[in-house]
Amino acid sequence: MSNIKSYINETVEEMRDKVSWPSYSELQNNSVLVLIGSLVFALVVGAIDFVFDSSLEWFYNQF
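Quick caveat: nothing in here was measured; it's all calculated off a predicted structure.

K.L.:
Quick question: what am I supposed to make of the overall build of the protein chain here?
P.N.:
Assigned secondary structure in the protein chain consists of 2 helices and 0 strands. Taken over the C-alpha trace, the protein chain has a radius of gyration of 25 Å; the compact-globule value for 63 residues is 11 Å, which it surpasses by more than 25%. Dimensions of the protein chain, computed from C-alpha atoms along their principal axes, come out at roughly 75 × 35 × 10 Å. Classification of the 63 residues of the protein chain by burial places 0% in the buried group. About 6200 Å² of surface is accessible on the protein chain, with carbon and sulfur atoms providing 66% of the total.

K.L.:
What am I meant to see in a negative patch on the surface here?
P.N.:
A cluster of acidic residues, Glu10, Glu13, Glu14 and Asp17, forms a negative patch at the surface. Take aspartate 17: it is sitting in helix 1 (residues 2-18). Residue classification places aspartate 17 among the exposed residues on the basis of a relative accessible area of 54%.

K.L.:
What is the right way to look at a nonpolar patch on the surface in this model?
P.N.:
On the surface, Val32, Ile36, Val40, Val44, Ile48 and Phe52 cluster together into a nonpolar patch covering about 540 Å² of accessible area. Along the chain, the position of valine 32 falls in helix 2 (residues 24-61). Owing to a relative accessible area of 47%, valine 32 belongs among the partly exposed residues under this scheme.

Conventions adopted
- Residues numbered from 1 in each chain as written.
- Predicted model: local features only at pLDDT ≥ 70, side-chain atom pairs only at ≥ 80, totals over all residues.
- Heavy atoms only, no water.
- Helix = DSSP H or I, 4+ residues; strand = E, 2+ residues; numbered from the N terminus.
- Rg over C-alpha atoms; globule rule 2.2 N^0.38 Å.
- Buried < 20%, exposed > 50% of the residue type's maximum accessible area, 1.4 Å probe, protein only.
- Areas by Shrake-Rupley, 256 points an atom, 1.4 Å probe, with all protein chains shown as cover.
- Patch = residues over 30% accessible without salt bridge, like charges linked within 9 Å, V, L, I, M, F, W, Y side chains within 5 Å.
- Salt bridge = Lys/Arg side-chain N within 4 Å of Asp/Glu carboxyl O.
- Lys, Arg positive; Asp, Glu negative; His and termini not counted.
- Charge placed at Lys NZ, Arg CZ, Asp CG, Glu CD.

Coordinates in, geometry out; function isn't part of it.
Right, here's the structure in full:
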């Protein structure tokens, strides 16, 4: 039981004193960057899906 209590105390101490937390403005900037990157990735995957779908539909209609 003392091992668990020691682990929890050390974890709390590390999260409070040793971890460098981002500022609110850094957090906002990084969140916007992730949102834009996700949208770009979704658009690229959607475009690739559309091209493959269209090309396969054209190919199958040839027979």
